[in-house]
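Residue strings, one per chain:
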Amino acid sequence: MSLKNILLITASAATALFAATAYQNQVGFLTNGIKQMAVLDAAGKDIVFKDAQGETVLTVTAPEAQKWSPAGENASLVDFSELKTPGTYQAYVGDSAVGHPIVVSDSAFEGVTKGSLKFFYFQRSSTALEEEYAGEYAREMGHPDTAVKYHSSTGIEDASATFNGSKGWYDAGDYGKYIVNSGISTYTLLQLYQQNKEYFKNLNLNIPESKNDVPDILDEIRWNLDWMITMQDTDGGVFHKLTTKQFAGMVMPAKATAQRFAIGKGVEATWNFAAVMALASDIYAPFDSVFADTCAKAAVKARWWAYTHPTAIYTQPKDVGTGSYTDAVAWTGKLWTNAELFRITGDKVFADSIHTLKINRKKASLQTWSNDLMLEAFTIATNPDIFDEADVDTAEAMIFTLADSYIASLEGNGYGVAMTDNDFFWGSNSVAANKGMVLIHAYILTKEQKYLDAAIGLADYLLGRNPLDKSYLTGFGVNQVMNPHHRPSQADGIEAPVPGMLSGGPNASANDIGACKNHDYRVAGAPAKSFYDNSCSFASNEVAINWNAPFAYLVGSIQAIMTTGKAYDVKSKVSKTYTDLDAIRANKVNYKRAKSGNRLVVRNGGIQVEMTNTDGTVRYFNLRGKSLK
Ligand code: 9MR
């Protein structure tokens, strides 16, 4: 062994024996939020916090070290929430600085909120990114998608036929556009807006639409909705995805020019599409009634197709190698769709569908691209004035079943992070973010601080309070992810990756070792360390819209709650009477239903029932059956 090696070993042994190590959010702490760091080798010692002038402002004795199993090590969870004056601080153990600069600010999460939302702009297909908005990441247009062909799996056999499938966001590190994954991502962002309208009204994302009167977050989401609508076939069914047959090489969008196809048509995509369109019709109604109307009609048409094609499950064709997004649990999308449609219509038929399918709190499981059950629970629980009381109770129970299990996992947890050993699979960082989304809902429903604190803990985890001392959001933090699996970032010749992207995160299954020259990045007994910041590692270090969306939801909700001083106001449960559109029709003998899809319209900024008289004149009703002018 060389002298150098001996010295190195001695130095690291000394570090382990004598010096404390601290892991913390590297971006910032909210002035009035909980502030914690995980400190190793410091139990019983004083952690001294000094301000920028070197003055001691707070001293906290590090508590007993406790294990956090995913890290495979013990840490003292040091709480310095008392630090409530904006500024920059540094923690010390004795004379040694530990951790990174601590930034305390009222807007500590605003940069990451904007950054993680701006990611969606960088993922735009079918447009050039201008320097004014994209800075050094400006790039040529890729994938106009104006002449997309139909793969035979769509049921359309005309090999020369094409359609315009323009716009939308690239899914991830690849250039595919997949409905199932777009659906949950779009819902998550719509929900972020819906629950925090005041905060997002004027939040500037510096995108091409920033100067119009629509909140930027809705302009960005609209880019994807416009594409999703193109994926609906004339019969109402929705194509599963729009991709090339095989993944492109590691090139810029403009260089990835292989023919694109609509591939497959199935219930998973169709349910998912219907739910998102229903929600979008409501949210966009005040801004663009024509578009909202289009969304409502598309939703109803998709629902009808899905109901009449229950066995149309997507299977990946043999000649296709792009992401499959198979195995989505279709019935959860069905429930979700019926909940969204009931919310905007009040039509009994949708409530009946929810009851027939019987949501069950025991089935509560964290939302993923493959399971939408919690999305429905979120919608029902936050609209108790609309849904049946028993359904609201069940939806709440589902949320608390999960949220309380996350709180329970914080017991004796030295990192104060609500993640357990089993959470570290492909996209584990989205598990953290999605758990945060559940916790925010629990907070909205109860205003109990413990839920908000646990959600902040998960945001802190993603921004550096983890055993790799890593900020998983590109462009933010002292020790950022630098080499994500993301084609533009790999091909653009710029050292730093596109900012605002959440890496997939540690993956104890390391499904991509073969792509990484067999480099085994798993750490035995420490799943939270099983991560490889290398672009080869698509299973631990890719980026994806369904990972960024819950992250944006998490940090955006926390920042909005702190900025406005209040969380979304959930109305009280009230007893309801259901509208029955069929009954309305039956009572109005002079009126009959228009031929197709013409029952729901957006008028005067809201959704109304339109009925066409036999003589062609039209009447309108509100969703409770009252006749309107
Ligand atoms: O996020 C998806 C993950 O849950 C799956 O285990 C994995 C393998 O099927 O696929 C992930 O999704 C990828 C998709 O198939 C294609 N675009 C990139 C996505 C993120 O890695």
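Rules of the game
- Residues numbered from 1 in each chain as written.
- Predicted model: local features only at pLDDT ≥ 70, side-chain atom pairs only at ≥ 80, totals over all residues.
- Heavy atoms only, no water.
- Helix = DSSP H or I, 4+ residues; strand = E, 2+ residues; numbered from the N terminus.
- Buried < 20%, exposed > 50% of the residue type's maximum accessible area, 1.4 Å probe, protein only.
- Contact = heavy atoms within 4.5 Å.
- Areas by Shrake-Rupley, 256 points an atom, 1.4 Å probe, with all protein chains shown as cover.
- Near = heavy atom within 4 Å.
- Polar contact = N/O pair within 3.5 Å; in protein donor to acceptor, adjacent residues only side chain to side chain.
- 1 Å grid on protein atoms, 1.4 Å probe; cavity = no way out; pocket = protein on both sides within 12 Å on 5 of 7 lines; lining within 4 Å.
- Sits in = over half its atoms within 2 Å of the grid points.
- Nonpolar A, V, L, I, M, F, W, Y, C, P; charged D, E, K, R; others polar.
- Pairing = 2+ DSSP bridges.
- Phe/Tyr/Trp six-rings, centres within 6.5 Å; stacked < 30°, edge-to-face > 60°.
- Lys NZ or Arg CZ within 6 Å of the ring centre and 35° of its normal.
- Disulfide = S-S within 2.5 Å.
- Points joined across faces, edges and corners; volume = space filled by probe spheres on them.
- Salt bridge = Lys/Arg side-chain N within 4 Å of Asp/Glu carboxyl O.

Trainee: Can you tell me about the overall build of the chain, naming the residues and giving the values?
Mentor: Broken down by element type, the chain carries 18 helices and 19 strands. Based on the C-alpha atoms only, the size of the chain along its principal axes is roughly 95 × 55 × 45 Å. Counting over 629 residues, the chain shows a buried share of 58%. Here the analysis covers contacts within the chain between residues at least 6 apart in sequence; of these, 69% occur between residues at least 24 apart. Total accessible area on the chain stands at roughly 24,200 Å², and carbon and sulfur atoms take up 51% of it.

Trainee: An account of the site of the ligand is needed here, citing residue identities and associated values.
Mentor: Close contacts around the ligand come from D171, A172, D174, Y178, G323, Y325, W369, W426, E542 and W547, and that covers them all. A distance of 3.1 Å separates an oxygen atom of the ligand from a polar side-chain atom of W426. When isolated, the ligand has an accessible area of 450 Å², and the protein chains bury 77% of it. Its atoms largely coinciding with the cavity grid, the ligand occupies the largest pocket. Class assignment for the residues of the shell around the ligand results in 6 nonpolar, 1 polar and 3 charged.

Trainee: Mind laying out the pairing of strand β4 (residues 46-50), listing which residues take part and the relevant values?
Mentor: Bridge count between β4 and strand β5 (residues 56-61): 5 bridges; the pairing is antiparallel. If you follow V48 over to β5, its bridge partner there is T59. Taking the residues between adjacent antiparallel strands as the criterion, β4 and β5 are bridged by 5 residues, where G54 takes a positive phi near 85°. Judged from the 4 bridges that link them, β4 and strand β8 (residues 87-93) form a sheet pairing that is antiparallel. Pairing of K50 across the sheet is with Q90, part of β8.

Trainee: Give me the packing of aromatic side chains: which residues, what numbers.
Mentor: For the structure on display, the rule yields 27 aromatic pairs. Ring geometry for F119 against F120: centres 5.3 Å apart, planes inclined by 70°, an arrangement best described as edge-to-face. With respect to burial, F119 and F120 carry one shared label: buried. Between the aromatic rings of Y187 and W336, the centroid separation amounts to 5.3 Å while the plane-to-plane angle is 85°, which identifies the pairing as edge-to-face. Placement of the pair is Y187 in helix α4 (residues 179-195) and W336 in helix α9 (residues 330-345), with a sequence separation of 149 residues. Since its relative accessible area comes to 0%, Y187 is described here as buried. Directly above the ring of W223 sits K167, whose terminal nitrogen or CZ lies 4.7 Å from the centroid.

Trainee: For the state of the cysteines, give the residues involved together with the corresponding values.
Mentor: For the structure shown, the criterion picks out 1 disulfide. Shown here is the disulfide that connects C516 with C536, its sulfur atoms set 2.1 Å apart. Its S-S torsion of approximately 105° makes the covalent link between C516 and C536 right-handed. On the criterion of sequence distance, the pair formed by C516 in the loop between α15 (487-491) and α16 (538-541) and C536 in the loop between α15 and α16 is long-range, its members being 20 residues apart. Per residue, the accessibility class of C516 equals that of C536, and both read buried.

Trainee: Before we move on, can you summarise the layout of surface pockets with the specific residues and values?
Mentor: Approximately 750 Å³ is the volume found for the largest pocket. Lining the largest pocket are 35 residues, with Y325, W369, W426, E542 and W547 sitting closest to its centre. Listing elements by their share of the lining of the largest pocket, those giving two or more residues are α13 (428-446) and α17 (545-564). Counting residues per element, the lining of the largest pocket draws most heavily on α13, which supplies 3 residues. For the lining of the largest pocket, the class distribution of residues is 15 nonpolar, 16 polar and 4 charged.

Trainee: Any chance you could break down the pairing of β8 for me, citing the residues and the numbers?
Mentor: Within a regular strand, the side chains alternate between the two sheet faces. Direction of pairing for β8 relative to strand β9 (residues 96-105): antiparallel, over a ladder of 6 bridges. Its bridge partner lying in β9, A91 is registered against V98. The antiparallel pairing of β8 with β9 creates a hairpin that spans 2 residues between the two strands, and G94 there sits at a positive phi of about 60°.

Trainee: Could you give an account of the environment of Y284, with specific residues and numbers?
Mentor: Here Y284 shows up in helix α7 (residues 267-284). For Y284, a relative accessible area of 2% corresponds to the buried category. With 318 residues separating them in the primary sequence, Y284 and V602 have C-alpha atoms 9.8 Å apart. Discounting chain neighbours no more than four positions away, the residues touching Y284 are L190, L218, I221, R222, L225, F291 and A292.

Trainee: Provide a residue-level description of empty space enclosed by the protein, including the pertinent values.
Mentor: Evaluated as defined, the whole model comprises 1 cavity of 30 Å³ or more. When its volume is computed, the largest cavity comes out at roughly 40 Å³. Around the largest cavity, the lining residues are V180, E268, N272, A328, V329, A330, G333, W369 and D372. Sorting the residues of the lining of the largest cavity by element identifies α7 and α9 as the ones contributing at least two each. Here the residues of the lining of the largest cavity are counted per class, giving 5 nonpolar, 2 polar and 2 charged.

Trainee: Got a sec to walk through the pattern of salt bridges? Specific residues and values, please.
Mentor: Counting across every chain of the model gives 22 salt bridges. Residue K177 is joined to D145 by a salt bridge in which the shortest nitrogen-to-oxygen separation is 2.7 Å. Of this pair, K177 sits in strand β12 (residues 177-178) while D145 sits in the loop between α3 (131-134) and β10 (148-150); the two residues are 32 residues apart in sequence, bridging distant segments of the chain. Pair check on accessibility: K177 and D145 agree, each one buried. Among the ionic pairs, R465 bridges to D460, the shortest N-O distance being 3.0 Å. Across the pair, exposure class does not vary: R465 and D460 are buried alike. Connected through shared salt-bridge partners, K167, R222, D226 and D288 make up one network.

Trainee: Run through unusual backbone geometry, naming residues and quoting values.
Mentor: Even without being a glycine, S126 presents a positive backbone phi close to 70°. Tracing the backbone shows S126 in the loop between α2 (110-122) and α3. For S126, a relative accessible area of 11% puts it in the buried group. Phi is positive for K167, close to 70°, though the residue is something other than glycine. Residue placement: K167 occurs in the loop between β11 (162-163) and β12. By relative accessible area, which is 26% here, K167 ends up partly exposed.

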